[in-house]
Amino acid sequence: MATKDSGVEEVIKELRQITLADGDSVASVLAKISAADPKTYEDADLAAPLHSLLATASGSDDTRAQVAKCIADVAKIAGQRKRFTAKDTIELLLKFIREAEKVEKIKLVTQACRALGNICYLNDDARSLIVELKGDDSLVKLLDVSVAEESAEYEQFVKVRCGVISNFLLGGEEFSKKAMDLGILSRLEATADAASQRKPLPEVLLQNTLQPLSILTENVPDLKFSASLNRSLVRILGASTHPDLGEMCLELLHYQAENDDVKLLLAKDGLCETIYRLLEKYKTLASSSSDARALMKLACDLIVLILTGDDSMSYLYSTPFRGNMEAWLEATDVDLVTTGVLALGNFARTDSHCIDMVRGNVMHKLLAILAKNNSTSDDVNLQHALLSTLRNLVIPKVNKTAVIEAGLVGILLPMLEIHTPWVVFKLLGTLRMTVDGQEKLALELLANEKLIRQLVTWSNSTDYAGVTGESLRLMAWLVKNAYAVQRHDGAAMAVADHGSLARFACTEGAVECMVAMLASQHLVMQNESLIALSILLVVFGQSAGAAAASGPSVDLESLLVAANVGAKLAELISTRADTMTKEIVENLQAVIELLRKSDALTKHLAQHNIDEQVKSIPILVEYCTL
């Protein structure tokens, strides 16, 4: 045990015998304790003798400061913190802290802050005693104290002042809200605002001032800074030279930018331009330091977050910042390229912006980047960003032909080799948006056996629901966009080339996927399944000869029975009857009517009691009673 060590016992004995009047002896003993590893005295009760020395009426403030320093040093370990968690000790430390306005007391105040800060670290009992003694108000008022920067005590006081406040706030929401009620936020804001306008920037002061702010954002739900404080943070970020200070600003602004109103304010205050200038200035550092790389990514993430707001996005689109993001498409750093792509993707959330980008050169730049980054070995974050942005660009109908003619699909198809779920999800979504209303392209892709086989495989994957859903939807959209006209135009259907659809239907699992889609959790997908099945039934139920002439023979009847279409229809009705729209009911009835043209399928439907099931759909009952 540590207390059995003769040297330790001797020091403790000496400590119990001395008084503040003993001068050099006091300093010597206290210095020995402070200099040792705190664990040396882990089992020794130092609280009583040190409190006794601190409470002695005689003696200088310098000596008391040495006692407080000793308490701070030994209270670095949990056991000692608990011993010092006594009302009389904490009350005495608070008494000294309350004298912070007196210049001559600053050394004692500084060490008292250190001692109290260490005692209340991870110690709710000590924090509760501080509140009981109204010490929380005294701690907050420390932020009102100004110390001459040229003084020797300035830097340490600034650090320990915010250190004790931070350790108090770390107790969680209860203690943070008490500090908020006492006006801590307005004091931190005033300090940050005044400091942000000084040249050079007082970075030590700011680093310590922003720390309590960070803790408050973690502990107080939905804490919203004033516009003035956010503006100060932008100024500090722009002027800072210390990475830790820049990181704190970015984290605080990131938290605030979760609110859409704040996104617009930050956009107007020039945050994105500030980040752009800083990254342009320091981008070469990111290649040599992992910390600098992490900071760059944090800054890039904040740009993208600001642009997720509709108002902030619209505002920034009309500023030179948009051109800055286009310029980053040609950057050599992949994180900057990715950020530029994501920024443009967010700008592409309105049709007018999308049309503007396709008419300009942005689309071609994006396609050129994707063409160089469409393999399994390329950066998945960049791939995801490119696909997200291109998906947005092809949504407006007027853009589709231009993007297709520019070679989008040829660049996308090699990406079928990629199996990273979030990239596949975006790949499929981009293809689905591209094929919408494009009959020729839909026919080409339906006939692409490699594509269809891969879609079938992904449709049966249960690891990532988004990929499963998008695979099913893309197949349904290919069928719908290639053959939708033919459902309603008998003449067109009679002369149509059904080879593409025949190859699709004959791909193992394709029809089964369209049937399985009936059991989807989403009504829109169930409706898309009904449309695809009705097209298959129209083409191969009535025109088998024509189909066989232009492609492989399709035994749709057997495929549907094997896929258990009756069971899936029954499941659809039983789970969705109450929420079916008029359109879905009409498409359901159309599919059932087409199925009944086959004796085998009629028998199959009867086995699943489909006629009775249909009668239970509320919307049909309403029609009947009108």
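Our subject in this report is the structure included herewith. Predicted model only: the values in this text are computed from it and were never measured. (Residues numbered from 1 in each chain as written. Predicted model: local features only at pLDDT ≥ 70, side-chain atom pairs only at ≥ 80, totals over all residues. Heavy atoms only, no water.)

**A closer look at the overall build of the chain**
Link 1 in the chain: What the chain contains, in helices and strands, is 41 helices and zero strands.
Link 2 in the chain: Taking 626 residues into account, the globule formula puts the C-alpha radius of gyration at 25 Å, and the chain, at 36 Å, lies well above it.
Link 3 in the chain: On the principal axes, the C-alpha backbone points of the chain span a range of 115 × 55 × 55 Å.
Link 4 in the chain: Across the 626 residues in the chain, those meeting the buried criterion constitute 53%.
Link 5 in the chain: A total accessible area of about 27300 Å² is found for the chain, and carbon and sulfur atoms account for 50% of it.
Link 6 in the chain: Charged side chains of the chain number 62 positive and 81 negative; the gap between the two group centres comes to 2 Å. (Helix = DSSP H or I, 4+ residues; strand = E, 2+ residues; numbered from the N terminus. Rg over C-alpha atoms; globule rule 2.2 N^0.38 Å. Buried < 20%, exposed > 50% of the residue type's maximum accessible area, 1.4 Å probe, protein only. Areas by Shrake-Rupley, 256 points an atom, 1.4 Å probe, with all protein chains shown as cover. Lys, Arg positive; Asp, Glu negative; His and termini not counted. Charge placed at Lys NZ, Arg CZ, Asp CG, Glu CD.)

**Section: the environment of Asp45**
Link 1 in the chain: Turning to its location among the elements, Asp45 is positioned in the loop between α2 (24-35) and α3 (47-55).
Link 2 in the chain: Note on Asp45: relative accessible area 39%, which makes it partly exposed.
Link 3 in the chain: For the pair Asp45 and Ala55, spaced ten residues apart in the sequence, the C-alpha separation amounts to 17 Å.
Link 4 in the chain: Apart from residues no more than four positions distant in its own chain, Asp45 is found in contact with Arg16 and Arg83.
Link 5 in the chain: At a separation of 3.1 Å, a polar atom in the side chain of Asp45 contacts the main-chain amide nitrogen of Ala47. (Contact = heavy atoms within 4.5 Å. Polar contact = N/O pair within 3.5 Å; in protein donor to acceptor, adjacent residues only side chain to side chain.)

**Observations concerning the packing of aromatic side chains**
Link 1 in the chain: Tallied over the full model, the rule gives four aromatic pairs.
Link 2 in the chain: Between Tyr276 and Trp328 the ring centres are 5.2 Å apart and the planes differ by 45°, which places this aromatic pair in the tilted class. Here the residue Tyr276 occupies a position in helix α17 (residues 271-282), and Trp328 occupies one in the loop between α20 (321-327) and α21 (334-347), the gap between them amounting to 52 residues. Comparing Tyr276 with Trp328, the two get one shared label, buried.
Link 3 in the chain: Between Arg432 and the ring centre of Trp477, over which it is positioned, the NZ or CZ distance is 4.7 Å.
Link 4 in the chain: Just above the ring of Trp477 sits the side chain of Lys480; from NZ or CZ to the centre is 4.5 Å. (Phe/Tyr/Trp six-rings, centres within 6.5 Å; stacked < 30°, edge-to-face > 60°. Lys NZ or Arg CZ within 6 Å of the ring centre and 35° of its normal.)

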